[in-house]
Amino acid sequence: MAASPSDGFRRLRWGSKRLSRPVQQEMDTGREITGEHPSDSPPWEEELVSKIRAMSALEKTLALEAISHCIQRHSQLVRKEVSYTSIQELLASLKLDLKQPLEKTFPFHFYGLILRECASVDLVKRHLASLLELCHQSSSQREGIALAIGITSASHMEEVWAMLEHLGRTRFLQSTFMSPESQQLDRNTHWKWVGSTSLLCLGQIAMHAREQILPWVDNIASRMVYYFSCSPYDNVLKTSFLSAAIMLMKALQREDGTQNYKFTQISELISCLLCVLQKEPNFLATLFRQKIILVIAALSNLRPSLKPTVKSKILQTCLQSLYSLPPTETLKRKLPPLEAAPDVMMLYQKSVQALDLLLQNFVSENKSMDEICFLLQHTEPWLKSDKIHERKRVVQSVFLLLKYVVDHVKLTEEAMPSMLGHQIGLLTLLWRDKDKATQSRSRQCVCLLLQLLIQQKGSTAEFTYLNKMRSFEVRAHRESETRFFNLVKALDENLTVAQHTQLILTLLHELCSRNRLRCDLAAQLLLLIFEDHSIKPEQVAEILQGLFLKLPCIIFKNILQTMMKAVTMLGTQHTQETVEVLLSLCHPSERKVIPLWTALATNNRLARKVITLLYMKLKLRPPKELVRLPEQAQLISQLALGTIYELLYVREYKATVRWAFAGILLGLLTQLHYLFELDAVEGLSDYQEDILEARTLSPCRTCLEALKGLFWTTNYWEVFAELKLLRGWELFEHLETYTEGVTLLARAMAHYDCEVKAVLGQAVISLKSSEERDNIVAILIITEFLNSQELTQYTSRKTMDNFLNLGLNNPNQLVRAMSLKGLSSILMHPKKVVLLQNWLVGLLDSFLKPEPRDLIGLMEILGDIVHCLGGQGVGTLSLKIAQRLLSLFEHAQGDVRAGAIFLYGSVIYSGGRKLRPALRTHAWHALVPLLLHLGDSCPQVVTKTKFTFLRCAILLKWEFRKELFGRLAWGSGLGAENDIFIYMALMHLSSPHHSMKLAAMRFIGGLLQDYFADLCVCLTKNDVQTLLTHFELLKQDRDSTSRRFYRSFLDDVIELSQYVTY
């Protein structure tokens, strides 16, 4: 049963979408490649048709029989020359004399004309069936059959269509599903290419359908797709399908209603053409590529418009087919052996021109910047290609497309797609391409894109300026850096924020390339952009996130340095935004973002801003009721805390942290209190600092470790050491002992004059805060600082009185109590000094007795008085107290020994400047007893001894005070004592007193001889290196005894260094 015309036919009042003239002209060429017939009839056809119409029905029947017999004989002798005598006789009977030689397809043409004019449907069907039963092996035979079928269809469409449908259901299916064995047996290949014949028939039907084409076009197209898809692929099928497609397009071109018709098979036809294109060999011998691309361009003009996915597939396939060809200079060498070598350059040029027409056609159909951006998006893989000729080809195509748009297209939409920035970025990366032509074209492309953007804005001044910029490209390659700067400046001024961001992200992506030229160019362009101050605050997040992701992949060191310089510039311009973004990139403990933070420290002023912002963010603490447990780790104050902790150990921030010491200290102390309020104490008390494996610290532990690190990294190690030896840091692990910890810390800071002025200023500010935790920390610090010897240099009594009175009105009981305590200090009441000194004299009488009552209580009172007198000093009484305390070092009760040793550490600092030499001498005498008590059986005595021993070392200004603290804090047993003895002895190797030097040498020599094995276990490489350093000094000593000692024990020290491995 014959198929009905397409149901999709309807006329719509849509705008014209006729084939563009360049595409139409190109499709009319190349007949020898595809074998299609021209649309115009041969000159003899009109006369022949008039003769046929004058024939009777019998004459037509006899003529058809004669022609059919002739065609069948020719089909049987397809490889031999056959004369058309019967045809010539028939023409002679019609009194027709055709002067030109008859073509091979003439009998079929004649046959088709008679069938077209024949009125008998049965006769037409019989001859059509006979015609289709012919052999389909010869190309001329297939073309002839198709021509006759096409001409016949002009008057007998229904019958012709029915015959073709029957052929498809019978012969075609049989040949398609024939097994390979059967195909080998079928030597005459009679039906092998019946599908190709059907395709040609469909094309000829379309050519001769005239006004019937639109009702039948979807049926024709669908059958073309069917035969192509179901037939075995070979050159015959490829040629036949392309010929049919071209004929179909020419037929549609002639029909005026085409532009209003909604087609249903466009995408399917294009898919078939793309399949052909994908299977083309990687050389150029024909114009198939050109023809396919031109037909696709023609199909893309039909309605409905192509979907983006279809258009994308077209672009990918066409670009792949042409750009991946070998370089033009080698194309000819890639050809297989041929009878006549084609003009490869002509074929290549025509194919590329077809591609350019396709791109221009797409823009002409959709005159918008979105469409341009869509097209450029598909050139990206080729712009990034490693092959020079591929980059050169794509840049040339982009240039011609943009030039066409600028010169001939008026964009209808004022769209500003953000991805245009990405594509501009890809083009800028070719500004230093190895190929000079690619360099020039890429710059011109950027200028053309800028020109389009400026045209949309309507800025005449900028348009004139850009034209001048374009003229630079025709000059010699000089002043390249200036041109770069001008183009970058033009980009910065004319791109939207989104486009500008995409440009930067594209350049950032290229930093990871292994191509040194592209990396250097990307880094330089980024630096120019950052220097131009063109980055907006809203861009900072995306830019830093992009850079953060690329940092681990950057290969070249100079590129990394350039980007760190750019980060510094960005941080200088947008400090607030930069800090916020860096906090959000990853958890501080991962340390991946440290290079970016370090870059911000290269500028001292910027580093101060960064640290200030960080400790200010510590104050962003929402109330407990507003914080959910999973969100605690993401609190901005927590991120700032973790970052501060990491930056404490970054060398570039050392000076800045010292500058911001007071703010960081108050921030950390109040943050720890805040974490107690949130009950975020997990991992605080069970921390083991001797475990070296990397692990993520809990928020509370991070805060406490940051607090400890603040003193250690700013070289206020004495404060750290004092709290460590007295186990004061452990007081911060519980809310119940938190205030004791703050008090002890403040006392140590006051003792060593650790940033007292700055911290006092911050504490005063915190005392005025509305937050209770700020008030508590502030008043604890201020109260302890009132006993500082240096406080009077920083503030007046009246000022302190005002601040302390402010604390009396605080709603917190502790704040009020501590304020009252501060108001009663001797700084606020100087007359109390005399009273306390008199009281001390009275207590001293009791203390000096052989068996005083409550010795421990008495020492506690003495300690409080000594502490309260502070800077006023105890005077000459300090020596008496020290002497008495020294005698109590050997008391039978452990708590008495501990109390005496601890108080001794405070008394030796209480005599004032005049008595300091005498107290130092006394401290010398106490060293040996203190050393012995490091091995005391009472743990409390050992703890207090370590504290006092370090204080004595600091008072005596020993060279190895910090190392000594390390041994006291983390050493244990005989090893620790040996370390301490060695360091003490080393100090005396350079003593001006010969007896002291000699004693030190004997002591060290004895250890090396008698305790060599113990030293191998307890010493570290650093210890041995220190020992070697001091030994080398003896080598040049003027004293012969020192030189002899050096020679005697040098081998032992060297052997010791070989055994010590950590």
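It should be emphasised that the depicted structure is a prediction, and the values quoted were computed from it without experimental measurement.

A. Highlighting the overall build of the chain. A count of helical and extended segments in the chain gives 54 helices and zero strands. Each of the 1062 residues in the chain was classed as buried or not, and the buried ones make up 55%. With the model as given, the accessible surface of the chain reaches about 48,300 Å², and the carbon-plus-sulfur share is 52%.

B. Layout of the packing of aromatic side chains. This model, assessed by the stated rule, comprises 25 aromatic pairs. Arranged with centres 5.2 Å apart and planes meeting at 65 degrees, the rings of Trp-712 and Phe-720 form a pair that is edge-to-face. Exposure remark for Trp-712: the relative accessible area of 29% places this residue in the partly exposed category. Centre to centre, the rings of Trp-729 and Phe-732 are 5.8 Å apart; their planes meet at 35 degrees, and the pair counts as tilted. Of the two residues examined, Trp-729 and Phe-732, each falls in the buried class. Across from the ring centre of Phe-288, 4.5 Å away, lies the NZ or CZ of Lys-238, which sits over that ring. The aromatic ring of Phe-399 is capped on one face by Arg-441, whose charged end is 3.9 Å from the ring centroid.

C. Representation of the packing of helix H18 (residues 344-365) against helix H19 (residues 369-377) within the structure. At their nearest, the axes of H18 and H19 sit 9 Å apart, and the two run at 150 degrees to each other. Classified by the interaxial angle, the pair formed by H18 and H19 is roughly antiparallel. Both H18 and H19 take part in a crossing whose hand is right-handed. When H18 is examined against H19, the residues Leu-359, Phe-362 and Val-363 are found in contact with a partner set consisting of Glu-371, Ile-372 and Leu-375. Class assignment for the residues of the contact of H18 with H19 results in five nonpolar, no polar and one charged.

D. Broad picture of helix H41 (residues 797-808). If you check H41, its first and last C-alpha atoms are 17 Å apart, about what twelve residues at 1.5 Å a residue would give, namely 16 Å. Check the buried side of H41 and you find it contacts helix H39 (756-767), helix H40 (772-785) and helix H42 (813-823).

E. Fine view of the pattern of salt bridges. This model, assessed by the stated rule, comprises 28 salt bridges. With its nearest N and O atoms 2.8 Å apart, the salt bridge here joins Glu-705 to Arg-701. Of this pair, Glu-705 and Arg-701 both sit in helix H36 (residues 699-713), separated by four residues, roughly a single helical turn. Among the residues examined, Glu-705 registers a relative accessible area of 10% and is labelled buried. When the shortest N-O distance is used, the salt bridge between Glu-730 and Arg-727 registers 3.0 Å. For Glu-730, a relative accessible area of 35% translates into the label partly exposed. Salt bridges sharing partners connect three or more residues here, namely Arg-701, Glu-705, Lys-708 and Glu-733.

F. Inspection of the side chain of Ser-534 at higher detail. Positionally, Ser-534 belongs in the loop between helix H27 (516-531) and helix H28 (540-550). Among the polar contacts listed, one links the side chain of Ser-534 to the side chain of Asp-492, at a separation of 3.2 Å. Contacts of Ser-534, omitting those with residues within four sequence positions, involve Asp-492, His-500, Ile-529 and Gln-539.

G. Local environment of the side chain of Thr-428. Residue position: Thr-428 is located in helix H22 (residues 419-428). Excluding its chain neighbours within four sequence positions, the residues that come into contact with Thr-428 are Val-446, Leu-491, Leu-503, Leu-507, Leu-521 and Leu-525.

H. Spatial organisation of the nonpolar core. Core analysis: the largest hydrophobic core is formed by 336 residues, its most contacted members being Trp-597, Tyr-653, Leu-665, Phe-711 and Phe-732. Residues Leu-1027, Phe-1031, Leu-1056 and Val-1060 belong to the second largest nonpolar core, which totals 23 residues.

I. Structural context of the environment of Gln-561. In this structure, Gln-561 sits in helix H29 (residues 557-573). Gln-561 sits in the partly exposed class, given a relative accessible area of 49%.

J. A look at the confidence of the model for the chain. Confidence in the prediction of the chain, expressed as mean pLDDT, is 85, and 86% of residues score 70 or more. Taken together, the stretch residues 1-19 has pLDDT below 50 and engages in 56 contacts with residues farther than four places along the chain or on a different chain. For the stretch residues 29-39, pLDDT sits under 50, and the model shows 28 contacts to residues farther than four places along the chain or on other chains.

K. Looking closely at unusual backbone geometry. Here the residue pair Arg-303 and Pro-304 is connected by a cis peptide bond, since its omega of -5 degrees sits within 30 degrees of zero. Assignment of secondary structure puts Pro-304 in the loop between helix H15 (288-299) and helix H16 (308-323). We note that Arg-591 has phi near 65 degrees; this positive angle belongs to a residue other than glycine. You can see Arg-591 is positioned in the loop between helix H30 (575-585) and helix H31 (594-599). Of note, Lys-957 is a non-glycine position whose phi angle comes to about 60 degrees, a positive value. Within the fold, Lys-957 resides in the loop between helix H48 (939-955) and helix H49 (961-970). The class for Lys-957 is exposed, based on a relative accessible area of 59%.

L. Quick peek at the environment of Lys-403. For Lys-403, the location among the structural elements is in helix H21 (residues 388-408). For Lys-403, a relative accessible area of 33% corresponds to the partly exposed category. In sequence terms Lys-403 and Leu-452 are 49 residues apart; their C-alpha atoms lie 10.0 Å from each other.

M. Representation of the environment of Ser-788. Examined against the element boundaries, Ser-788 turns out to sit in the loop between H40 and H41. In contact with Ser-788, not counting residues within four places along its chain, are Ala-750 and Val-756.

N. Local environment of H40. Here H40 contains 14 residues, and its C-alpha end-to-end distance of 20 Å stays within 8% of the 20 Å for a straight helix at 1.5 Å per residue. A large share of H40 lies buried, amounting to 13 of its 14 residues.

O. Up close: the state of the cysteines. Applying the stated criterion to the full structure yields zero disulfides. Cysteine Cys-447 remains unbridged, with the sulfur of Cys-445 as its closest cysteine sulfur at 9.4 Å.

Conventions used here
- Residues numbered from 1 in each chain as written.
- Predicted model: local features only at pLDDT ≥ 70, side-chain atom pairs only at ≥ 80, totals over all residues.
- Heavy atoms only, no water.
- Helix = DSSP H or I, 4+ residues; strand = E, 2+ residues; numbered from the N terminus.
- Buried < 20%, exposed > 50% of the residue type's maximum accessible area, 1.4 Å probe, protein only.
- Areas by Shrake-Rupley, 256 points an atom, 1.4 Å probe, with all protein chains shown as cover.
- Phe/Tyr/Trp six-rings, centres within 6.5 Å; stacked < 30°, edge-to-face > 60°.
- Lys NZ or Arg CZ within 6 Å of the ring centre and 35° of its normal.
- Axes fitted to C-alpha atoms, helices over the stretch in contact; angles between N-to-C directions.
- Parallel < 35°, antiparallel > 145°, perpendicular 65-115°, else oblique.
- Left-handed = near helix turned anticlockwise from the far one by under 90°.
- Contact = heavy atoms within 4.5 Å.
- Nonpolar A, V, L, I, M, F, W, Y, C, P; charged D, E, K, R; others polar.
- Expected span 1.5 Å × (residues − 1).
- Salt bridge = Lys/Arg side-chain N within 4 Å of Asp/Glu carboxyl O.
- Polar contact = N/O pair within 3.5 Å; in protein donor to acceptor, adjacent residues only side chain to side chain.
- Core = buried A, V, L, I, M, F, W, Y, C linked by side-chain atoms within 4.5 Å.
- pLDDT = per-residue confidence, 0-100.
- Disulfide = S-S within 2.5 Å.

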